[in-house]
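# Structure assessment
In case you want the letters, here they are:
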Amino acid sequence: MIDPKLLRRATSDVAANLSRRGFEFDATAYLALEERRKTLQVDTEKLQSERNTTSKQIGVETAKGGDPAPLIDAVTKYGERLKNCQAQLQAVQAELKEIELDLPNLLDDSVPEGNDESDNAEIRRWGEPAQFDFETHDHIELGESLGLLSFEAASKISGSRFAVMRGALARLHRALIQFMLDTHTSAHGYQETYVPYLVQDHALVGTGQLPKFEEDLFKTTTQTPYYLIPTAEVPLTNLARDTIFDASELPLRFVAHTPCFRSEAGSHGKDTRGMIRQHQFEKVELVQFVVASESARVLEELTGHAETILQLLELPYRVVALCSGDVGFAAAMSYDLEVWLPGQQTYREISTCSNCTDFQARRMKARVRNATTGKPELMHTLNGSGVAAGRALIAVIENYQQADGRIRIPDALQPYMGGIAFLEKI
RNA sequence: GGAGAGAUGGCUGAGUGGUCGAAAGCGCUCCCCUGCUAAGGGAGUAAGGGCUAAUACCCCUUCGAGGGUUCGAAUCCCUCUCUCUCCGCCA
């Protein structure tokens, strides 16, 4: 959520910022509503104040043994007016809240202008795409021909956008996750965390998936509905909900491996083949809670933590700054890590690292006590995939393929593979 | 699933209709005293919101959440949630 005070005071600036995303904010309508809110709130609070003082007088009068009847009459009279005012105020406030919850975060000034993916700005590259002296294949051909990967098997059970992995490939997938968790906990100072995969709506409102993006989520039909998490960012970031941290406790770093569930509504026809876009995938997620002044620096740091994984796996990648039209709802700025996929001869997203500034913190009341003033302030939250396990697996398969169709195990993963050096046909 | 107990400020814990946002203690901050330390004395110490140039006054809201009764609710009534104890079941 954007600071409502800022929204009132600098409405046109906010509208200008949001328009960079292609988001149209009706400032006039908002301000009209806001004007009504102000009048109603001032009136309501004035009436409440009068009621309170008169009620107190009634108490005093009664205690003295006097006759409180005239005072009771007086207070009863504006009881009706108060009720009326309160009801109107509540309605207007609800309307404002609804608007505010639908507004994306303000973009950082450094975010490059652009409409979509194609306008993202490349920041740096690491590694050289390998030159193969044989005809390369994509992960689907490689995995299926080894008998280790089957979309057909999955479709019998669950339909499209699911995969079944077997044997050493399933193990390699698990190895990737173990390796990532181990790296982030031991080298980067994150605390390993186990979190619920089913969450209630308020958690998703906190991180920004709701109310706007409900169609992207899977929801249970139980009496209290649960949503399947689309990313561990949701449970991890909500750890800060309704909390005031001591300044000395920050920064806090959490890492979790979870499955992620996405309905992929609206992406029909996109990446329909293979494991790139599934309803269910595994991801290792990084989340940090920091004081406001630190978040810009920490975004660089966190991005570096995700990069380390790709470097240790020796997978070529590039870092791009998302353009104004491509930055996610809750983020002020984001970097994407794009890994080289020989099968597609292109770089594909494998991680997004975002600085959400105080946007999520405001929604979930996540605060830090300022060490010098002693006052609670909103913290800044950051998150990034470190990295998506399914896509990392694709990258390993395609980048480590051999002329004979086998897959070499990256050095970094060998300790997790029980002495196997290659994925072979079964 | 059954039976019971509870939910109050950073913590412990009083408070069953009228200046209660809330006693007391602990903790914390500041000051005083004591040549250090210990002990002692005093003051302060919730969050959110509104108004505002203001992080100054003032005002509103909040005692698990949501409704209700009342001129007035931490206190009475209803619903829900969560926690704890015992029993049952169970990976």
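Reference entry: report on the structure contained in this document. Here the residue numbers are simple positions, counted from 1 along each chain's written sequence. To read the labels, note that chains go from A and ligands from 1, taken in the order they are written. Under the rules for a predicted model, residues below a pLDDT of 70 receive no local features and side-chain atom pairs below 80 are neither given nor counted, while totals for whole chains, interfaces and linings still include all residues. Side-chain numbers come from the whole structure's heavy atoms, not from hydrogens or water.

Before going further, it helps to spend a moment on the pairing of strand E12 (residues 346-355). Note on exposure labels: buried denotes an accessible area under 20% of the residue type's maximum, exposed denotes more than 50%, and partly exposed covers the range between, all computed with a 1.4 Å probe on protein chains only. What counts as a helix is a DSSP run of H or I of at least four residues, what counts as a strand is a run of E of at least two, and both are numbered from the N terminus. For E12, the buried fraction is high: seven of the 10 residues fall into the buried class. When strand E11 (residues 333-341) meets E12, the two strands line up antiparallel, connected through nine bridges. Residue pairing in the sheet places methionine 333 in a bridge with asparagine 355 of E12. Between E11 and E12, which pair antiparallel in sequence order, lie four residues; one of them, glutamine 345, sits at a positive phi of approximately 50°. Where E12 meets strand E15 (residues 380-388), three bridges bridge the pair, whose relative direction is antiparallel. Each bridged residue has a counterpart across the sheet, and for cysteine 353 the counterpart in E15 is glycine 384. At least two DSSP bridges between two strands are needed for those strands to be called paired.

Our focus in this paragraph is the packing of aromatic side chains. Side-chain rings of Phe, Tyr and Trp, where Trp is taken by its six-membered ring, are said to pair if the distance between their centres is within 6.5 Å; with planes under 30 degrees apart they count as stacked, over 60 as edge-to-face, and otherwise as tilted. Following the criterion strictly, the structure yields 10 aromatic pairs and no others. Plain terms: the ring middles of phenylalanine 245 and phenylalanine 289 are 6.2 Å apart, the flat faces sit at 40° to each other, and that makes the pair tilted. Of the two residues, phenylalanine 245 is situated in strand E7 (residues 243-246) and phenylalanine 289 in strand E9 (residues 280-290); the sequence distance between them amounts to 44 residues. When sorted by exposure, phenylalanine 245 lands in the same class as phenylalanine 289, which is buried. Ring pairs connect the aromatic residues Phe213, Phe329 and Phe359, which therefore count as one cluster. Geometrically, a charge over a ring is one whose NZ (Lys) or CZ (Arg) sits within 6 Å of the ring centre while staying within 35 degrees of the ring normal. Cation over ring: arginine 406 sits above phenylalanine 422, and NZ or CZ is 3.9 Å from the ring centre.

Residue proline 211 is bonded to the preceding leucine 210 through a cis peptide linkage, with omega at 5°. One can find proline 211 in the loop between helix H8 (201-207) and strand E6 (227-228). Cis geometry is adopted by the peptide bond preceding proline 251, which originates at leucine 250 and carries an omega value of 0°. Residue placement: proline 251 occurs in the loop between E7 and strand E8 (252-261). Within the chain, lysine 365 stands out as a residue other than glycine whose phi angle is a positive 55°. Here lysine 365 lies in the loop between helix H11 (359-364) and strand E13 (366-369). By relative accessible area, which is 47% here, lysine 365 ends up partly exposed.

The near set for a molecule or strand comprises every residue that places at least one heavy atom within 4 Å of it. Close to RNA strand B lie 19 residues; Arg8, Arg37, Gln48, Ser55 and Val75 are nearest. When the atoms of RNA strand B within 4 Å of the protein are sorted by group, sugar and phosphate make up 80%. Any N or O atom pair separated by 3.5 Å or less is treated as a polar contact, with the protein-specific requirement of one donor-capable and one acceptor-capable atom, and with residues adjacent in sequence counted only for side-chain atom pairs. A distance of 2.8 Å separates a sugar or linking oxygen of RNA strand B from a polar atom in the side chain of arginine 37. Taking lysine 38, its side chain carries an N or O atom lying 3.1 Å from a phosphate oxygen of RNA strand B. Contributing elements (two or more residues each) for the surface near RNA strand B: helix H1 (4-9), helix H3 (27-64), helix H4 (69-102) and E13. Looking at the surface near RNA strand B, the element that brings in the most residues is H3, giving 11 residues.

Such coordinate-based values are descriptive only and should not be taken to indicate function.
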